[in-house]
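The lines below spell out each chain.
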Amino acid sequence: MKNTVKRRYNKIRDRLLLKCRCGECEFKSICSGCRARAYAETQDYLDEDPSCIYEPGKYDFKEIILTEKDTLGIEITYRLPWEKKAQNRLLKIPSFARGMVVKGVELFAENHDYPEVTVEIMKEARKSVIGRTMVPFLKKEM
Ligand code: SF4
């Protein structure tokens with residue numbers, strides 16, 4: 001039993017086994033999608049993450065490695081207050097990207113003199129980023 005669980009976890013961690021969009025994605029080494037969402041949707045935890053909007057191929061299917069500088073640091077450091085709904089929305093983003101999102105959204109909020117981060121501000125910040133930078137992890141609006 002213990003070995004079966006261990007084997008399953010090793011399979012989940014092996015990016016080479018990912019299928020569909022996540023399998024061919026340039027960002028799979030730093031993202032790999034949410035295995036729970038893949039399982040919930042298809043009963044195959046190696047399938048693509050159905051909530052991701054990124055279509056692989058934009059970077060010629062070549063693996064992309066982001067440095068800490070590129071991700072604005074991985075740790076989350078809050079400088080502004082966040083309303084509860086905004087915090088909950090943040091939890092829907094892959095964990096490795098949250099630090100980057102917090103910094104980006106807070107920078108946007110400060111530039112617009114917003115004293116607190118709300119869901120509406122997160123959406124505004126998201127719209128301002130799309131098309132300007134390389135952000136593959138944005139969730140589909142559900
Ligand atoms: S960016 Fe999207 S397609 Fe690529 S690995 Fe992550 S969830 Fe999968």
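Residues numbered from 1 in each chain as written. Predicted model: local features only at pLDDT ≥ 70, side-chain atom pairs only at ≥ 80, totals over all residues.

## Comments concerning the site of the ligand
Looking at the ligand, there are 15 residues lining it, with C22, C25, C31, G33 and C52 nearest. In terms of residue class, the shell around the ligand is made up of 9 nonpolar, 2 polar and 4 charged. (Near = placed C-beta within 6 Å. Nonpolar A, V, L, I, M, F, W, Y, C, P; charged D, E, K, R; others polar.)

## Some thoughts on the packing of helix α5 (residues 95–111) against helix α6 (residues 119–129)
Contact geometry for α5 and α6: axes closest at 9 Å, N-to-C directions at 100 degrees. When the axis of α5 is compared with that of α6, the two are roughly perpendicular. The segment α5 lies against α6, with G104, V105, F108 and A109 engaging I121, M122, E124, A125, S128 and V129. Split by residue class, the contact of α5 with α6 holds 7 nonpolar, 2 polar and 1 charged. (Axes fitted to C-alpha atoms, helices over the stretch in contact; angles between N-to-C directions. Helix = DSSP H or I, 4+ residues; strand = E, 2+ residues; numbered from the N terminus. Parallel < 35°, antiparallel > 145°, perpendicular 65-115°, else oblique. Contact = placed C-beta atoms within 7 Å.)

## Regarding the confidence of the model for the protein
Here the protein shows a mean pLDDT of 85. Residues at 70 or above account for 85%. Confidence, expressed as mean pLDDT per element, reaches its minimum in the protein at helix α1 (residues 2–13) with 83 and its maximum at helix α2 (residues 20–24) with 96. (pLDDT = per-residue confidence, 0-100.)

## What to know about the nonpolar core
In this structure, W82, A97, M100, V101, V102, V105, A109, V117, I121, M122 and A125 together form the largest nonpolar core, which totals 11 residues. Counting only elements with at least two residues in this core, the list comes to α5 and α6. Considering every element that reaches this core, the biggest residue donor is α5, with 6 residues. Once you skip the residues sitting within four places of it in the chain, V102 turns out to touch I76 and Y78. Ranked by size, the runner-up nonpolar core spans 7 residues in total, among them C25, C31, C52 and Y54. (Core = buried A, V, L, I, M, F, W, Y, C linked by C-beta atoms within 7 Å. Buried ≥ 20, exposed ≤ 12 C-beta atoms within 10 Å, placed from the backbone.)

## What to know about the environment of T118
Turning to its location among the elements, T118 is positioned in the loop between α5 and α6. Separated by 29 residues in sequence, T118 and R89 have C-alpha atoms that sit 9.7 Å apart. Those residues in contact with T118 that sit more than four places away from it in its chain are E83 and A86.

## As for α6
All buried positions along α6 are accounted for by I121, M122 and A125. An end-on view of α6 places all buried positions within 105 degrees of arc, on one side of the element. α6 presents E120 and K127 as exposed residues on the side facing more than 90 degrees away from its buried surface. Elements in contact with the buried residues of α6: α4 (84–90) and α5. (Arc of directions from axis to C-beta.)

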